[in-house]
Amino acid sequence: MSDLDSLYQDVILDHAKRKLNAGLREPFEAEVHHVNPTCGDEVTLRVHLDGEGPDATVADISYDALGCSISTSAASVMTDLLIGRTLSEADTVVQEFLAMMRGKGQYEPDEDVLEDAVAFQGTARLSARVKCALLSWMAYQDAVTRAQEDS
Amino acid sequence: MIQGLLPDLAVVRKDFPILERTLAGGVPLVYLDSANTSQKPQVVIDAMVDHLERHNANIARAMHQLGAESTAAFEEARDKVAAFIGAPSRDEVIFTKNASEALNLVANVLTWAEGSLRPGPGDRVVITEMEHHSNIVPWQLLTQRTGAELAWFGLTDEGHLDLSRVDELIDERTKVVAFTWVSNMLGTINPVAELTRRAHEIGAIVVVDASQAAPQLPIDLAAMPEAERPDVVVFTGHKVVGPTGIGVLWGRGDLLSQLPPFLGGGEMIETVRMERSTYAGIPHRFEAGTPPIVEAVGLGAAVEYLAAVGLEDIRRHEHAITEYALEGLASVPGLHVIGPKVAEERGGAISFELDGVHPHDIAQVLDSRGVAVRAGHHCAKPAHARFGVQSSTRMSSYLYTTPAEIDALIDALNYTRSYFKVG
Ligand SMILES: Cc1ncc(COP(=O)(O)O)c(C=O)c1O
């Protein structure tokens, strides 16, 4: 596979088109706005938690993302993976994704944990694009922290 | 046959060793990001290496032969830069770190100035919506610190300054008018003489960001009528085939002499006592500490190189390439150029959008074919916002750009459309 094809895997292009769970919805406990200052990509993201502590369920993640296919598909894949899980299950997925994205393509991701998100292994090799893939994931982490602070 | 190209284009290209490079997959480099930073000719590289190998010493304070050679080389670079922009006096040329530092220098010393030079409450500083962030933020800081009002020229849909409000913006309350000569995003060439004349009529100081102009337009400050000559002109070394780490501030001597120092330190003083110091005259007054010596030597070689090729010829070349590129870009379905559509009104940076593909994704596919462009907001977020876009893709040519490279860009853009299955 060429570098280009390993970056733009069908899964990624497909998510960039379908934008699962896109749009901002109620209810939510926290809303955050994250920007990638170098390219200007932006995401506004809301989380809605059901319950308290690590067993709370991620009942909804809604978002409005402006950006390249990598950043928008990353938001779509993430919401698809995390909605409906408990916070601690979600955190396992997030940590695995971060480890892969920081692994410069060397990290062997657990496909059972990451599912569609393993497609971003090709992005992890391109240091310039890692931030695109991480934008919405970092926003999610931030939103969860804030939701918990406020509750 | 395209008219206006540099007659010795093949020879010029040989001067730039990096242009022979190939990239991943063995594809040749097509460098179309010169508005971001230009490539360096061998003479610049050699001048810097020679200085480091044979003449290195600190300047102005070393009482030995190397010190004398290094000082001479540094001051000779100032002469070359002065000649490059036709500075009325070589002492009006101040070396800074880059254009951003030069603009911050002016905005800061005006903030710290005493008397009528300092903008205050009730006064106005005027900029434009097409500025690089480096010519916006320093003025925001100044107005926040002094209580002066910040106002700006808006843009027309074609990407020109909207001068319809000129009488409102430039009146007796206006203390400073700061604007770019050539836009790094829209490519627009602004009417420097006309705006400067208006500003001078009411006694405002005119600061011109020539970062994109100095590389491609002949500048002869001494030849400009005084009423139309800006008071301060800045540019950055790395866009005029020089190294990074050095910028230039030219300022009218009697203005600079009235302004307080920027940074304090070695070399900018006349004498220092524990209670207080007195300061050196220009240019040293604004050059505290050990300056970028080898960078200055490189910049001197760079502007000498450009002058030898000839700025008129470079301008004609840029114009020819820009015209050819605008034609090629117009042939790509779904592609929209942001900014003037005719080469006469613009410089060699062309920003565009391609329906259905984000600039980052365009740049990525182009890069896989060796075509280097810039994608993003190009440090001009307000100008992007004005045209309702968050980011764009920008191609920018220079004296070494060939029509074949523009063809490679257009091919790669068509390939990008098919890769992402748009249209
Ligand atoms: C119009 C304009 N002004 C200012 C700058 C800032 O130059 P530097 O980053 O070298 O300070 C640039 C280049 O990025 C520019 O294009």
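No experiment lies behind these values; they were computed from the predicted model shown.

**Student:** Please set out the overall build of chain A residue by residue, giving values where relevant.
**Tutor:** Tallying secondary structure elements over chain A gives seven helices and three strands in all. If you list the helices and strands of chain A from N to C, you get α-α-β-β-β-α-α-α-α-α. A compact globule built from 151 residues should have a C-alpha radius of gyration of about 15 Å, and chain A, at 14 Å, falls within 12% of that. Overall, the C-alpha framework of chain A stretches about 45 × 30 × 25 Å when taken along its three principal axes. Here chain A holds 151 residues, and 52% of them are scored as buried. Look at the contacts in chain A between residues 6 or more apart in sequence, and 60% of them connect residues 24 or more apart.

**Student:** Hey, could you go over the pattern of salt bridges for me, with residue numbers and the actual values?
**Tutor:** Residue and element names in this part refer to chain B. Evaluation of the coordinates by the stated rule reveals 28 salt bridges over all chains. For Arg394, the salt bridge identified is with Asp33, shortest N-O distance 3.9 Å. You can see Arg394 sitting in strand 15 (residues 392-396) and its partner Asp33 sitting in the loop between strand 1 (30-31) and helix 2 (42-55), a full 361 residues away along the chain. Here Arg394 matches Asp33 in class, with each residue buried. Measuring nitrogen to oxygen at the nearest pair gives 3.4 Å for the salt bridge that ties Glu304 to Lys80. Remark: Lys80 occurs in helix 3 (residues 65-85) and Glu304 occurs in helix 9 (residues 293-309); sequence separation between them is 224 residues. Residue Lys80 is classed as partly exposed on the basis of its relative accessible area, which comes to 22%. Taken together, the shared-partner salt bridges in this structure form one network comprising Glu75, Arg78, Asp79, Arg90, Asp91 and Glu287.

**Student:** Tell me what's going on with the pairing of strand 2 (residues 42-50) of chain A, and back it up with residues and numbers.
**Tutor:** Residues and elements named next belong to chain A. With seven of its nine residues buried, strand 2 lies for the most part within the structure. Here six bridges tie strand 1 (residues 30-35) to strand 2, and the two strands are oriented antiparallel to one another. Looking at the pairing, Ala30 lines up with Val47 of strand 2. The turn joining strand 1 and strand 2, which pair antiparallel and follow one another in sequence, is formed by six residues; a positive phi near 90° is taken by Gly40. Direction of pairing for strand 2 relative to strand 3 (residues 57-66): antiparallel, over a ladder of nine bridges. Looking at strand 3, one finds that Thr44 is bridged to Asp64. Here strand 2 hands over to strand 3 after six residues, with Gly51 in that stretch at a positive phi of 100°.

**Student:** Describe the sheet that holds strand 1 of chain A, and please don't skip the residues or the numbers.
**Tutor:** Residues and elements named next belong to chain A. Spatially, 1-2-3 is the arrangement adopted by the three strands of the open sheet, whose pairing is antiparallel. Of all the strands in the sheet, just strand 1 and strand 3 have a single pairing partner and so form its edges. Strand-to-strand twist of the sheet, defined as the mean angle between neighbouring strand axes without regard to direction, takes the value 20°. Of the strands in this sheet, strand 2 and strand 3 touch helix 3 (residues 69-82), which is tilted by about 170° from strand 3.

**Student:** Quick one: what's the story with the packing of helix 3 of chain A against helix 7 (residues 127-150) of chain A, residue by residue and with numbers?
**Tutor:** All names here are of chain A. Remark: helix 3 packs on helix 7, axes separated minimally by 8 Å, with the N-to-C direction vectors making an angle of 40°. Judged on the interaxial angle alone, helix 7 and helix 3 are oblique. Between helix 3 and helix 7 lies a crossing of right-handed hand. For the pair formed by helix 3 and helix 7, the contact residues are Ile70, Ser71, Ala74, Ala75, Met78, Leu81 and Leu82 on the first element and Arg129, Cys132, Ala133, Ser136, Trp137 and Tyr140 on the second.

**Student:** Can you lay out the environment of Phe352 of chain B for me, pointing to particular residues and giving the numbers?
**Tutor:** All names here are of chain B. Residue position: Phe352 is located in strand 12 (residues 349-354). Counting along the chain gives 52 residues from Phe352 to Gly300, while the straight-line C-alpha distance between them is 34 Å. What Phe352 contacts, discounting residues up to four positions off in sequence, is Leu329, Leu335, His336, Val337, Ile338, Ser392, Thr393, Met395 and Leu413.

**Student:** Describe the site of the ligand, and please don't skip the residues or the numbers.
**Tutor:** Residues and elements named next belong to chain B. Taken together, 13 residues are adjacent to the ligand, and Ser100, Asp209, Gln212, Thr236 and Lys239 come closest. A distance of 3.0 Å is found between an oxygen atom of the ligand and a side-chain nitrogen or oxygen belonging to His132. A distance of 2.7 Å is found between an oxygen atom of the ligand and a side-chain nitrogen or oxygen belonging to Gln212. Protein burial of the ligand: of its 390 Å² of free accessible surface, 89% is covered by the chains. For the shell around the ligand, a count of residues per class yields one nonpolar, 10 polar and two charged.

**Student:** Could you give an account of the layout of surface pockets, with specific residues and numbers?
**Tutor:** Approximately 780 Å³ is the volume attributed to the largest pocket. Lining the largest pocket are 28 residues; nearest its centre among them are Leu126 and Ala128 of chain A together with Ala363, Gln364 and Asp367 of chain B. At the level of elements, helix 1 (3-7) and helix 7 of chain A together with helix 11 (359-368) and strand 14 (374-376) of chain B are the ones that each hand at least two residues to the lining of the largest pocket. As a volume, the second largest pocket reaches approximately 580 Å³. Together, 27 residues line the second largest pocket, and Ser69 of chain A together with Gly356, Val357, His358 and Asp361 of chain B are the ones closest to its centre. Where the lining of the second largest pocket is concerned, the elements lending two or more residues are helix 2 (10-18), strand 3 and helix 3 of chain A together with strand 12 and helix 11 of chain B. Looking at the lining of the second largest pocket element by element, the count peaks at five residues for helix 2 of chain A. A per-class count over the lining of the second largest pocket returns 12 nonpolar, seven polar and eight charged.

Analysis parameters
- Every chain is numbered independently, its residues counted from 1 as its sequence is written.
- Chain A is the first chain written and ligand 1 is the first ligand written, with later ones labelled in order.
- Confidence filtering applies because this is a predicted model: local features only for residues at pLDDT of at least 70, side-chain atom pairs given and counted only at 80 or more, and all residues used for totals across whole chains, interfaces and linings.
- Side-chain figures throughout are based on the complete set of non-hydrogen atoms in the structure, without hydrogens or water.
- Each helix is a run of H or I in the DSSP string that is no shorter than four residues. Each strand is a run of E no shorter than two, and both are numbered from the N terminus.
- As defined in this context, the radius of gyration uses C-alpha atoms, and a globule is described by 2.2 Å times the residue total to the power 0.38.
- The buried label goes to any residue with under 20% of its type's maximum accessible area, the exposed label to any with over 50%, and the partly exposed label to all in between, with areas taken from a 1.4 Å probe on protein chains only.
- Residues count as neighbours in contact if any of their non-hydrogen atoms are within 4.5 Å of one another.
- Salt bridge criterion: a side-chain nitrogen from Lys or Arg within 4 Å of a carboxyl oxygen from Asp or Glu.
- The rule for pairing is simple: two strands pair if DSSP sees at least two bridges between them.
- Convention adopted: a line fitted to C-alpha atoms gives each axis, helices being fitted over their contacting stretch, and angles between N-to-C directions are expressed from 0 to 180 degrees.
- Relative orientations are named as follows: roughly parallel for angles under 35 degrees, roughly antiparallel for angles over 145 degrees, roughly perpendicular for angles from 65 to 115 degrees, and oblique for any other angle.
- Definitions for this section: a left-handed crossing has its near helix turned counterclockwise from the far helix by less than a right angle. A right-handed crossing has that turn clockwise.
- A molecule or strand has a residue near it when one of that residue's heavy atoms lies within 4 Å.
- Pairs of N or O atoms within 3.5 Å make up the polar contacts considered here, provided that, within protein, one atom can donate a hydrogen while the other can accept it, and that residues adjacent in sequence are counted only when both atoms are side-chain atoms.
- Under the convention used here, a 1.4 Å probe and the Shrake-Rupley method define accessible areas, while residue burial counts only the protein chains that appear.
- Under this grouping Gly is polar, as are all residues other than the nonpolar Ala, Val, Leu, Ile, Met, Phe, Trp, Tyr, Cys and Pro and the charged Asp, Glu, Lys and Arg.
- Using only the protein atoms, space was sampled on a 1 Å grid; points where a 1.4 Å probe fits but cannot get out form cavities, open sets with protein on both sides within 12 Å along at least five of seven lines form pockets, and lining residues are those with an atom within 4 Å of a point.
- Grid points are joined across faces, edges and corners, and a volume is the space filled by probe spheres set on the points.

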